[in-house]
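A structural walkthrough
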Amino acid sequence: MKAPIHAYVTDDEGSFLKLTIQRDSTPYSHFVARYLKGSAAEGGYSPVPQQMKNAVMTLFHLDHLADVFLRVSPTEVRLEGFVGLVLQGGGNEQYHDIAVRGSGLREFKEGGGTYLYLNDAGLNTRPYTAIVVTSRYANYITAELSARAGFYVPVSGGTVKRTAYGETVQTDVPPTAAGQTYKGYVNATYATPINAVTGLIEQYDGPVDEGASVGLEIAAQSEEGQTVSQTSFAALARIVVPRPTFNYSESEPDWLGDMQETAKDIDMFESDAISMSYVQEGGQAAPVETPPMYLGGSAPNLSPGNLAPTGWYHSSLFDAGNDSEGKAFYLLDGYVQYYKRIPLISGTWGVKLTVTLQEYGSPGGWPASPGASWKYRIRVTMQFYAEEGNPLTPPPAVSLSTFTFRTARTQGGSSEPLLEYSAQSLADTLSIDADNRSDTSGYIYANDSLYDGSYGLWMSVNTYTVVSNDHNLGILTETTMVRMANN
């Protein structure tokens, strides 16, 4: 037996206590198991004595317990343990090898049925297997298949099978320690077909469809034998896979940016998604087509009780590859009523860096300059500008730091060392966002000791360090004319 000696009642010499019952001159012998108090981690069956019997019957798949008492004095008996019984033909019988573990003794159950006594007290069990199907949609079938080893008997192996659409897929159940559970998963998903030309969902034509038979099976083996769980079902209608995420707004949008605050995962039947191509534009007339949309969750639930809330919805799935204009659908109590065309892009933000150079007239240089008679002071201003169109959304956050400068003889010309700087770079960090759209640095100082005044001098930002730049906005460095060449 796999069940350890300490799980059974023994005497002081270590011999097993056995319950022997004689029927029609035939003796039937049974080991007597202990009620072990404590949690499973402690090797017990229940930490609560009042729940012990129910816990024992659940752990060992038993239908009845026969308590065994020992007389310790003429007036006192003591509960020693139990012998387990299963109902013949009942659900728990499959978890016991009756040919080996059945003692042969039977007892009629009040109200009908027959109990079978187990000679090992019922402690040595086959694996428990179970299947929980979480999605039955034809192109989105998911299930959890589990095998729990007996409390004392490990699982030596097994298989998980999925049979559907003309193929069988099989994986192995690994060896699993006593008392532990293996969980296997079926995730059979098939993407929704998208027309390569129009970019829209097209009608599926193939075997992965509504009504097809799907079979699932898990088998687990141990020294006590094999347990098998099976289930089958007819696949439900196909749904949109992968699950689309829609922009959502309670109020009517003027463009896509009005719907950016909220997103909703939505489930739809493929046939309903196709019919959305025929939904009318505008809301003047009663809608002819009203396809339903359902809230997405951990598992698809396309039922009337899970309809999406009233409001406006947009997904690029219905834009037919159009980058500038899309469809926002209006739902009333979960059903599409009509759509409205909305611009997808209103404009693009950019960032402009402008160099400002000031010249001080006194030979002594700027009073605040650091330790020398620096003739010029230079700083950088960073601000947003409309790089394209007319942006309606607030600009995102951008931060730059550590600016260095370039000088050139002509605008856009090659960089030349025409100025002498008080420091290698301007280390300020400039930050702009929707609430602070312009920021100006401190000063860096310079002299024109390297400049002979015979040509124009142009200055711009040469390098900078990006601290943050949401949406990767384009950055323009604006050049500045310092002085014209002498005539």
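All values derive from a computational prediction rather than experimental measurement.

About the cut-offs
- Residues numbered from 1 in each chain as written.
- Predicted model: local features only at pLDDT ≥ 70, side-chain atom pairs only at ≥ 80, totals over all residues.
- Heavy atoms only, no water.
- Helix = DSSP H or I, 4+ residues; strand = E, 2+ residues; numbered from the N terminus.
- Buried < 20%, exposed > 50% of the residue type's maximum accessible area, 1.4 Å probe, protein only.
- Contact = heavy atoms within 4.5 Å.
- Lys, Arg positive; Asp, Glu negative; His and termini not counted.
- Charge placed at Lys NZ, Arg CZ, Asp CG, Glu CD.
- Pairing = 2+ DSSP bridges.
- Core = buried A, V, L, I, M, F, W, Y, C linked by side-chain atoms within 4.5 Å.
- Salt bridge = Lys/Arg side-chain N within 4 Å of Asp/Glu carboxyl O.
- Phe/Tyr/Trp six-rings, centres within 6.5 Å; stacked < 30°, edge-to-face > 60°.
- Axes fitted to C-alpha atoms, helices over the stretch in contact; angles between N-to-C directions.
- Patch = residues over 30% accessible without salt bridge, like charges linked within 9 Å, V, L, I, M, F, W, Y side chains within 5 Å.
- Areas by Shrake-Rupley, 256 points an atom, 1.4 Å probe, with all protein chains shown as cover.
- Arc of directions from axis to C-beta.

Secondary structure summary: the protein contains 3 helices and 29 strands in total. Once the C-alpha set of the protein is aligned to its principal axes, its extents read approximately 135 × 70 × 40 Å. Classification of the 487 residues of the protein by burial places 44% in the buried group. For the protein, the proportion of contacts with a sequence separation of at least 24, taken over those separated by at least 6, is 64%. One finds the centroid of the 31 positive side-chain charges in the protein at a distance of 6 Å from the centroid of its 52 negative side-chain charges.

Along the chain, D448 falls in the loop between β26 (444-447) and β27 (457-469). Those residues in contact with D448, other than ones at most four positions away along the chain, are K375, Y376, L418, L419 and R483.

Two strands pair when backbone bridges link them, and strand β7 (residues 128-137) and strand β8 (residues 140-148) are joined in this way by 9 bridges, in the antiparallel orientation. Paired with I131 across the two strands is L145, which belongs to β8. With antiparallel pairing between neighbouring strands as the criterion, β7 and β8 make up a hairpin whose turn holds 2 residues.

This part covers the nonpolar core. Counting residues in hydrophobic clusters, the biggest one holds 27 residues, and the most contacted among them are V351, L353, I378, V380 and F403. Secondary-structure elements contributing two or more residues to this core are β20 (347-359), β21 (376-389), β22 (398-408), β24 (426-432), β26 and β27. Other than its neighbours up to four places away in sequence, V351 contacts M382, Q383, F384, Y385, V398, I432, L473, G474, I475 and L476. Counting residues in hydrophobic clusters, the runner-up holds 23 residues, among them V133, L145, A147 and A149.

The next subject is the environment of G412. On the secondary structure map, G412 appears in the loop between β22 and β23 (420-421). Judged by its relative accessible area of 62%, G412 falls in the exposed class. C-alpha of G412 to C-alpha of Y294: the two residues are 118 residues apart in sequence and 57 Å apart in space.

Okay, the pattern of salt bridges next. Enumeration over the complete set of coordinates arrives at 17 salt bridges. Between D67 and K53 there is a salt bridge, with the nearest N and O atoms lying 2.4 Å from each other. Taken together, the residues span a long stretch of sequence, with D67 in strand β3 (residues 64-73) and K53 in helix α1 (residues 52-59) at a distance of 14 residues. According to the relative accessible area criterion, D67 is partly exposed, its value standing at 26%.

With that settled, consider the pairing of β8. Sheet topology note: the β8/strand β11 (residues 181-189) ladder contains 9 bridges and is antiparallel. Bridge assignment links I141 to a residue of β11, and that residue is A188.

We now examine the packing of aromatic side chains. What describes a pair of aromatic rings is the distance from one ring centre to the other and the angle between the planes of the rings. Following the criterion strictly, the structure yields 25 aromatic pairs and no others. Ring centres 4.9 Å apart and planes at 55 degrees place the aromatic pair Y248 and Y313 in the tilted group. Here Y248 is found in strand β14 (residues 245-249), whereas its partner Y313 is found in strand β17 (residues 311-314), with 65 residues between them in sequence. Of the two residues, Y248 and Y313, neither departs from the other in class, the shared state being buried.

Turning our eyes to something else, we now look at the sheet that holds strand β10 (residues 167-173). Within a sheet, each strand pairs with its neighbour through backbone hydrogen bonds, oriented either parallel or antiparallel. Read from one edge of the open sheet, 4 strands run β10-β9-β12-β13, paired in antiparallel fashion. Only two strands of the sheet have a single neighbouring strand rather than two, namely β10 and β13 (225-234). On average, each strand axis in the sheet is tilted by 10 degrees relative to the strand beside it, whichever way the strands run. Sheet topology note: the strand β9 (residues 157-164)/strand β12 (residues 213-222) ladder contains 8 bridges and is antiparallel. In the strand pairing of β12, A164 is matched with V214.

With respect to the helices and strands, the residue Q284 is situated in the loop between α3 (270-275) and β16 (294-295). A relative accessible area of 75% places Q284 in the exposed class. Sequence spacing of Q284 and Y338 is 54 residues, and the spatial spacing of their C-alpha atoms is 9.3 Å.

Let us look at a nonpolar patch on the surface. Taken together, the side chains of F69, V77 and L79 present a nonpolar region at the surface, about 280 Å² in accessible area. Secondary-structure assignment places V77 in strand β4 (residues 76-87).

Strand order in the open sheet made by the 4 strands is β3-β4-β6-β5, with antiparallel pairing throughout. Where the open sheet ends on each side, the last strands, each with one partner, are β3 and β5 (102-108). The sheet shows a mean angle of 40 degrees between the axes of neighbouring strands, taken without regard to direction. In this sheet, strand β6 (residues 114-118) lies alongside β5 in antiparallel orientation, the contact comprising 4 bridges. From the neighbouring strand, G102 faces β6, where its bridge partner is L118. α1 contacts β3 and β4 of the sheet and is inclined by roughly 130 degrees relative to β3.

What follows concerns the side chain of T159. If you trace the backbone, T159 turns up in strand β9. For T159, the contacting residues outside a window of four places in its chain are Q170, T171, D172, V173, E217, I218 and A219.

Turning to α1, a few remarks are in order. An α-helical turn contains 3.6 residues, so any two residues separated by three or four positions project in the same direction. Residues of α1 that are buried include every one of M52, A55 and V56, and no others. Buried residues of α1, seen end-on, are gathered within an arc of 100 degrees and therefore sit on one face of the element. Turned more than 90 degrees from where α1 packs its buried face, N54 and T58 sit exposed. Buried residues in α1 make contact with β3 and β4.

Cis geometry is found at the peptide bond from V241 to P242, where omega equals 0 degrees. Structurally, the position occupied by P242 is in the loop between β13 and β14. Residues other than glycine seldom take positive phi values, yet D24 does so here, at roughly 50 degrees. Turning to its location among the elements, D24 is positioned in the loop between β1 (18-23) and β2 (26-31). One non-glycine residue, H61, adopts positive backbone phi at about 55 degrees. Positionally, H61 belongs in the loop between α1 and β3.

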